[in-house]
Structures are given as structure tokens and as C-alpha cells.
Amino acid sequence: MRQAAQNPAQDPAEGTVRPPLQGPEPRRGRPRSAAAERAILDAVVRLLEAGETLDGLSIERIARSAGVGKATIYRRWSGKEELFVDVLRDIEPAEPTVSGNAGLDDLRVLLESMRTRGLAQRSSALLHNVFVQMKKHPRLWTEYQNTVIAPRRVAMLAAVQRAVDAGELRDDLDVELMDDLFLGPMLVRTVHRPDATLPEDLADRIIRTLLQGLAPRAPEQQVTAVDPTAAPV
């Protein structure tokens, strides 16, 4: 590759010689071949779908199933923990794209992403089983928390802060507490209550409920169907 980089390239359309484009050096330990990485990730999924446990999988067996050498895997991942985190990331729904300049709208997008991930985990026996197994491995669970969960929390906090800055939320409350209040109901529904419903409007309902508050409405705001001529009870 270094020899190719030193030789000029000829443009067949112009018949002229021009210097090659100099791209950034690839990061050490990251994929040099998208096809090889795809084969490795797919191999892990196949083995898990066949009933293998995380404990039972070895780099040697993954390499054989993917049709690559062990060195190909180790050039991309330092070990099984890092590889499994990428496998989980790969089989989960894609991370949502937010505007980065909206507050409540971006928060709604992030909450909706949590809802769809919860639905995916319920409908996928593979996802469910892998998450159960992963929690038995402290190093793997920590790696997943640091590389997947933590960035999602940062994105949520940033959206709440933007909503505060835009005047959509109060500026006299702790931002982390407000983030927990938005996150909590969706987390309970998707993780702690697997039997709970996850309707399509759940994100909107959570935001609307928190904005309106849980205090009872004033009497003049309540609509009643009481007959004014009826005797009081």
C-alpha cells in the first residue's frame, strides 16, 4: 500500500499524471475490509441463533465460522467483550438521527427510539437471550454500558438542556432530574415491565403528562356532567 501511495496515478480520461489522493491513515485495530467485519458479525449471530452461549463461544470458533483467521478478528477487536458489544449494536435498531438544535422534538425522537428498541427486544428471542447472558458478564456489561448506553444518556441530557435553553422547560430545575423524569416511564415500560403496552404515542404521552404535571386540575378546569338541579350528596 505504501508503494502505491508513492506512485502517481494516471487519469485515463485526460492522459495526464496526477498525484494520488492522500486519505487519513486507518485507525489501528479497526476494519480494513467491510466484508470481513460483516462476515465476523454474521458468524457470531449464527452461532448464537444455533444456541451457543457467550461463554461457549471462542475466537477460534468465530473465525472458523466466518472463514477468516484469528488475526483478522484481533485486528478489529481486542477480545470477545468488545466484539459482542458490536454484535449487539449491529442487531439492535439503528440509533436515531436528531437535529441537534431542537429540544423537545429531539427528546421525542430519542424516547421513540427507546420504545422501538423495547419492541425489538420483545420480538427477538436472540436479543432477549443475549441481553440475559450479557448481564452475567460484568466486563461485557460494563463495556456495553460505556459504549452504548452512556452515549444515549448524553444525547438525552443534551436534548433536555436544549429544551431548557429554548424556554420549553423550566430553567430552575436540575437537568439530570428532568432527564430522569422523561426517561423513567419509558425505561420501566421497556425493561422492567415486559408485559406493559408500548403504544405508538407513548413518547408524546410521556412528554405531555410531564409538561402538564400530575397535580389535580383546578375546579374551573374540570368538565363535569353533574345535573345542577340535583341535590348534593
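Every chain is numbered independently, its residues counted from 1 as its sequence is written. The model is predicted, so local features are restricted to residues of pLDDT at least 70 and side-chain atom pairs to those at 80 or more, both for listing and for counting; the totals for chains, interfaces and linings are taken over all residues. Water and hydrogen atoms were dropped before computing side-chain values, which therefore reflect all heavy atoms in the structure.

Considerations on the overall build of the protein
Right, so step 1: Helix and strand definitions follow DSSP, with helices as H or I runs of at least four residues and strands as E runs of at least two, each counted in order from the N terminus. Each helix and strand in the protein was counted, giving 10 helices and two strands.
Right, so step 2: Written out in order from the N terminus, the α and β elements of the protein read α-β-β-α-α-α-α-α-α-α-α-α.
Right, so step 3: Counting over 233 residues, the protein shows a buried share of 30%.
Right, so step 4: Between two residues, a contact is recorded if the distance between any of their heavy atoms is within 4.5 Å. Sequence-distant contacts in the protein: of pairs separated by 6 or more residues, those separated by 24 or more amount to 59%.
Right, so step 5: Of the roughly 15,200 Å² of accessible surface on the protein, a fraction of 54% belongs to carbon and sulfur atoms. With a 1.4 Å probe rolled over the protein chains alone, any residue whose accessible area is under 20% of its type maximum counts as buried; one over 50% counts as exposed, and the rest are partly exposed. For every accessible area listed, the method is Shrake-Rupley and the probe measures 1.4 Å; residues are considered covered only by the protein chains on display.

Quick look at the side chain of glutamate 92
Right, so step 1: On the secondary structure map, glutamate 92 appears in the loop between helix 5 (80-91) and helix 6 (104-123).
Right, so step 2: Each polar contact in these results corresponds to two N or O atoms within 3.5 Å; when the atoms are within protein, one needs to be able to donate a hydrogen and the other to accept it, and residues that are neighboring in sequence are counted only if both atoms are side-chain atoms. Here tyrosine 144 takes part through its side chain, which lies 3.0 Å from a polar atom of the side chain of glutamate 92.
Right, so step 3: A distance of 2.7 Å separates polar atoms of two side chains, one belonging to glutamate 92 and the other to arginine 152.
Right, so step 4: If we ignore the near neighbours within four places in the chain, the residues touching glutamate 92 are Arg117, Leu127, Phe131, Tyr144, Val148 and Arg152.

Quick notes on the layout of surface pockets
Right, so step 1: Size it by volume and the largest pocket reaches roughly 920 Å³.
Right, so step 2: Mapped onto the lining of the largest pocket, the elements with two or more residues apiece are helix 6, helix 7 (125-134), helix 8 (138-165) and helix 9 (175-192).
Right, so step 3: Residues are grouped as follows: Ala, Val, Leu, Ile, Met, Phe, Trp, Tyr, Cys and Pro are nonpolar; Asp, Glu, Lys and Arg are charged; every other residue, Gly included, is polar. Of the residues assigned to the lining of the largest pocket, the class counts are 19 nonpolar, seven polar and nine charged. Both cavities and pockets are sets of points on a 1 Å grid over the protein atoms alone; in a cavity a 1.4 Å probe fits but cannot get out, in a pocket the set is open with protein on both sides within 12 Å along at least five of seven lines, and lining residues sit with an atom within 4 Å of a point. Grid points are joined across faces, edges and corners, and a volume is the space filled by probe spheres set on the points.

A closer look at the nonpolar core
Right, so step 1: Val44, Ile62, Ile73 and Leu83 are the most contacted members of the largest nonpolar core, which totals 29 residues.
Right, so step 2: Of all the secondary-structure elements, those providing two or more residues to this core are helix 2 (34-49), helix 3 (59-66), helix 5, helix 7 and helix 8.
Right, so step 3: In terms of residues, this core owes the most to one element, helix 2, which gives seven residues. What we call a nonpolar core is a set of buried Ala, Val, Leu, Ile, Met, Phe, Trp, Tyr and Cys residues that are connected through their side-chain atoms within 4.5 Å.

Remarks on the pattern of salt bridges
Side-chain pairing between opposite charges can occur once the charged atoms of the two side chains come close.
Right, so step 1: Salt bridge, as applied in this entry: a Lys or Arg side-chain nitrogen positioned within 4 Å of an Asp or Glu carboxyl oxygen. Summed over all chains, the structure comprises 17 salt bridges.
Right, so step 2: Between aspartate 106 and arginine 162 there is a salt bridge, with the nearest N and O atoms lying 2.8 Å from each other. Taken together, the residues span a long stretch of sequence, with aspartate 106 in helix 6 and arginine 162 in helix 8 at a distance of 56 residues.
Right, so step 3: We classify aspartate 106 as buried; its relative accessible area is 3%.

Considerations on the confidence of the model for the protein
Right, so step 1: You can read pLDDT as the predictor saying how much it trusts each residue, on a scale of 0 to 100. Mean pLDDT over the protein: 82, with 80% of residues reaching 70 or higher.
Right, so step 2: The low-confidence segment residues 1-31, where pLDDT is below 50, has 24 contacts with residues more than four positions distant or belonging to other chains.
Right, so step 3: In this model residues 225-233 is a low-confidence stretch, pLDDT under 50, and it forms zero contacts with partners more than four residues away in sequence or in other chains.

Quick notes on helix 2
Along an α-helix, residues three or four positions apart point the same way, because every turn accommodates 3.6 residues.
Right, so step 1: Taking 1.5 Å per residue as the helical rise, helix 2 with its 16 residues ought to reach 22 Å, and the 22 Å between its terminal C-alpha atoms agrees with that figure.
Right, so step 2: Next to the buried residues of helix 2 lie helix 3, helix 4 (70-74), helix 5 and helix 7.
Right, so step 3: At the C-terminal side of helix 2, glycine 51 shows a positive phi close to 105°. For a helix, the expected span equals 1.5 Å multiplied by the number of residues minus one.

A look at the packing of aromatic side chains
Right, so step 1: Here the aromatic set is Phe, Tyr and Trp, taking the six-membered ring for Trp, and pairing holds for ring centres within 6.5 Å; pairs whose planes are under 30 degrees apart are stacked, those over 60 apart are edge-to-face, and all others are tilted. Considering all chains together, one arrives at two aromatic pairs under this definition.
Right, so step 2: Ring centres of phenylalanine 131 and tyrosine 144 lie 5.5 Å apart, and the angle between their planes is 80°; this geometry places the pair in the edge-to-face category. Within this pair, whereas phenylalanine 131 is found in helix 7, its partner tyrosine 144 is found in helix 8, the two being separated by 13 residues in sequence. You'll find phenylalanine 131 and tyrosine 144 in the same group, each marked buried.
Right, so step 3: Every member of this aromatic cluster is reached through a ring pair, and the members are Phe131, Trp141 and Tyr144.

Quick notes on the environment of methionine 156
Right, so step 1: Its place among the elements puts methionine 156 in helix 8.
Right, so step 2: With a relative accessible area of 4%, methionine 156 lands in the buried category.
Right, so step 3: Residues contacting methionine 156, with those up to four places away along its chain left out, are Leu107, Leu110, Leu111, Asp179 and Leu183.

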